[in-house]
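# Structure assessment
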Amino acid sequence: MESINNGDNHFVISARPKRSDSVSRIQERIALLLSRWNGLQMAVQNQWGGRDSLRKSHQLASEIFSWFVQYKGPVCVEDLENMLFESMLFSFNTEIEDGSLEEVAEQLMTIYEECLLGNH
């Protein structure tokens, strides 16, 4: 696994999880992080994404996991931020401007890197 900090706290990771327990743990940790993200939870509770807002939040967790597994090339935090931004905008009609989107993206990268290292 290769992890590079380009100096701006923007991480790039070029590896994929290898063990099924790592895969399961990544999925659990993604779901837990999203369940604690106030911006997403407000969107769900207020149904900014419509009646199926809860389903959309679960779908977001699945999409993030798939993104990590299927992404071509090194995983880059800026790309993850863009994916989160677009998902919040198009699924929940919400723009997150409090810095939490970037924080969540960095925490997701940390989760992914820790699982790759076997630190479950």
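Residues numbered from 1 in each chain as written. Predicted model: local features only at pLDDT ≥ 70, side-chain atom pairs only at ≥ 80, totals over all residues. Heavy atoms only, no water.

- Within an unreviewed UniProt entry, the label attached to the protein chain reads Pre-rRNA-processing protein TSR2, and the organism entered is Tripterygium wilfordii.
- Checking UniProt for the protein chain, the heading Sequence similarities (unreviewed entry) contains the comment "Belongs to the TSR2 family." (UniProt positions renumbered as here; feature names shortened; annotations may be inferred.)

## Overview of the overall build of the protein chain
- A count of helices and strands for the protein chain gives five helices and three strands.
- Going from the N terminus to the C terminus, the protein chain shows its helices and strands as β-β-α-α-α-β-α-α.
- Burial statistics for the protein chain: of 120 residues in total, 38% are counted as buried.
- Split by element, the accessible area of the protein chain, about 6,900 Å² in all, is 46% carbon and sulfur. (Helix = DSSP H or I, 4+ residues; strand = E, 2+ residues; numbered from the N terminus. Buried < 20%, exposed > 50% of the residue type's maximum accessible area, 1.4 Å probe, protein only. Areas by Shrake-Rupley, 256 points an atom, 1.4 Å probe, with all protein chains shown as cover.)

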